[in-house]
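Chain by chain, the residues:
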Amino acid sequence: MTVPEDALAAVRERLGLRSDSAAFATSSSVLQPVRRGDDRAFLKLATSGEERAGNAVLRWWDGDGAARVLAVDGDAVLLERADDDGLAALARSGPDGDDEATRVLCRVGRRLHAAGRDPRPGELFDLRRWFRDLLTYDGADPDGMLAAAAQTAEDVLSHPTADVVLHGDLHHGNVLHFGERGWLAIDPKPLHGDPGFDVANILCNPDAAVALAPGRLERRVAIIAAETGMPERRALSWALAWGALSSLWSAQDGGDGSIARAIAVRARALLAL
């Protein structure tokens, strides 16, 4: 995606910002480190409807468990800037570091689920809609994993423990350290539903070496259960459902869904014990 320099320059002028580094684009937004006076911030210009709705979720959380929105200008938001790149380095430092990273992610997720107040943001997807491609899939499935995952997804979707505004993409790169404000989330999806869904991405990240290390899934699930009160089997059920959906999406898009699929396969095996 080409960075829309003119649009960014116009937003910077209206908000009294100056660039602090080059802008860069993702599939759904354009971002640039900026300064407002002496304060460091991040300018984020949404280029998709899903990203605009996610920005609305950030505004609704109002800095409680998430990065604070400092200003809004149309499709652009100005965010406080983190002083840390996320939890991946901690997770890669060894099993104890990964344990701590998992605890941090669980605690941030719990905080987000309790944040905000009525009315909720508009344009939230419910989880059943999010899982539609898995629930309706009728293509090739040599090992039966997708069918098993669809059945499991139907079960957890039909029996939610609560209905909360979710982060939807809670992983090591989306929880950053903000100085005295501690660990906070960025880049939510516009989702609501069972809080258990937000643990699934933890289990698939930050990379294969960590997520697929022998015994790591079981160790993480035990920590998630201790931190959230969620039964281990339910965490594994969400891992199976989400891992299958994520790998299905990757296959459809020509991406690499091997980690998500491996997590789904392992979760299925553990659930069968």
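Everything discussed here concerns the structure shown above.
Residues numbered from 1 in each chain as written. Predicted model: local features only at pLDDT ≥ 70, side-chain atom pairs only at ≥ 80, totals over all residues. Heavy atoms only, no water.

Asker: Any chance you could explain the overall build of the protein chain here in plain terms?
Answerer: When helices and strands are counted, the protein chain shows 12 helices and 11 strands. In terms of overall size, the protein chain behaves like a compact globule, its C-alpha atoms giving a radius of gyration of 19 Å where 273 residues would be expected to give roughly 19 Å. Overall, the C-alpha framework of the protein chain stretches about 60 × 40 × 35 Å when taken along its three principal axes. Going through the 273 residues of the protein chain one by one, you find that 54% of them count as buried. For the protein chain, the share of sequence-separated contacts (at least 6 apart) that also reach a separation of at least 24 residues comes to 66%. The average position of the 31 basic charges and that of the 41 acidic charges among the side chains of the protein chain differ by 2 Å. (Helix = DSSP H or I, 4+ residues; strand = E, 2+ residues; numbered from the N terminus. Rg over C-alpha atoms; globule rule 2.2 N^0.38 Å. Buried < 20%, exposed > 50% of the residue type's maximum accessible area, 1.4 Å probe, protein only. Contact = heavy atoms within 4.5 Å. Lys, Arg positive; Asp, Glu negative; His and termini not counted. Charge placed at Lys NZ, Arg CZ, Asp CG, Glu CD.)

Asker: In this structure, what is going on with the nonpolar core? I would like to understand it.
Answerer: Nonpolar side chains in soluble globular proteins generally cluster together in the buried interior. The biggest cluster of nonpolar side chains holds 63 residues, and the ones touching the most others in it are Trp-61, Leu-127, Phe-131, Leu-134 and Phe-197. Among all residues touching Leu-127, those that are not within four sequence positions of it are Leu-157, Leu-166, Leu-191, His-192, Gly-193, Asp-194, Phe-197 and Trp-238. In terms of nonpolar packing, the next biggest core, distinct from the first, is built from 14 residues, Val-11, Ala-23, Val-30 and Ala-76 among them. (Core = buried A, V, L, I, M, F, W, Y, C linked by side-chain atoms within 4.5 Å.)

Asker: What am I meant to see in the packing of helix α11 (residues 232-253) against helix α12 (residues 258-271) here?
Answerer: Between two packed helices, both the angle of their axes relative to each other and the distance between the axes serve to describe the pair. α12 packs onto α11 with a crossing angle of 145 degrees between their chain directions and a minimal axis gap of 7 Å. Judged by the twist between their axes, the crossing of α11 over α12 is left-handed. Between α11 and α12, the residues in contact are Arg-233, Leu-236, Ser-237, Ala-239, Leu-240, Gly-243, Ala-244, Ser-246 and Ser-247 and Ala-260, Arg-261, Ile-263, Ala-264, Ala-267, Arg-268, Leu-270 and Leu-271, respectively. Among the residues making up the contact of α11 with α12, the classes are represented as 10 nonpolar, four polar and three charged. (Axes fitted to C-alpha atoms, helices over the stretch in contact; angles between N-to-C directions. Left-handed = near helix turned anticlockwise from the far one by under 90°. Nonpolar A, V, L, I, M, F, W, Y, C, P; charged D, E, K, R; others polar.)

Asker: In this structure, what is going on with α11? I would like to understand it.
Answerer: Every α-helix carries 3.6 residues per turn, so stepping three or four residues along brings you back to the same face. In this model α11 runs 31 Å from its N-terminal to its C-terminal C-alpha over 22 residues, within 8% of the 32 Å that 1.5 Å per residue would give. Of all 22 residues in α11, 16 are buried, a share of seventy percent or more. Two residues or fewer after α11 comes Gly-254, characterised by a positive phi angle close to 75 degrees. (Expected span 1.5 Å × (residues − 1).)

Asker: I keep staring at the sheet that holds strand β8 (residues 164-166) and nothing clicks. Help me out?
Answerer: Strands in a sheet are paired, the pairing made by backbone hydrogen bonds, and the direction either parallel or antiparallel. The strand order across the open sheet built from three strands is β7-β11-β8, with neighbouring strands paired in mixed fashion. Strands at the two margins of the open sheet, each flanked by one partner only, are β7 (125-126) and β8. When β7 meets strand β11 (residues 191-193), the two strands line up parallel, connected through two bridges. Its bridge partner being in β11, Asp-126 is matched across the sheet by His-192. (Pairing = 2+ DSSP bridges.)

Asker: Hey, could you run me through the packing of helix α4 (residues 95-114) against helix α10 (residues 216-228) in this one?
Answerer: Here α4 crosses α10 at 40 degrees, and the two axes come no closer than 9 Å. In terms of their interaxial angle, α4 and α10 are classed as oblique. Crossing handedness for the pair α4 and α10: right-handed. Judged by residue contacts, Pro-95, Asp-96, Asp-98, Asp-99, Thr-102, Arg-103, Cys-106, Arg-107 and Arg-110 of α4 engage Arg-216, Arg-219, Arg-220, Ile-223, Ile-224, Glu-227 and Thr-228 from α10. When grouped by side-chain class, the residues that make up the contact of α4 with α10 number four nonpolar, two polar and 10 charged. (Parallel < 35°, antiparallel > 145°, perpendicular 65-115°, else oblique.)

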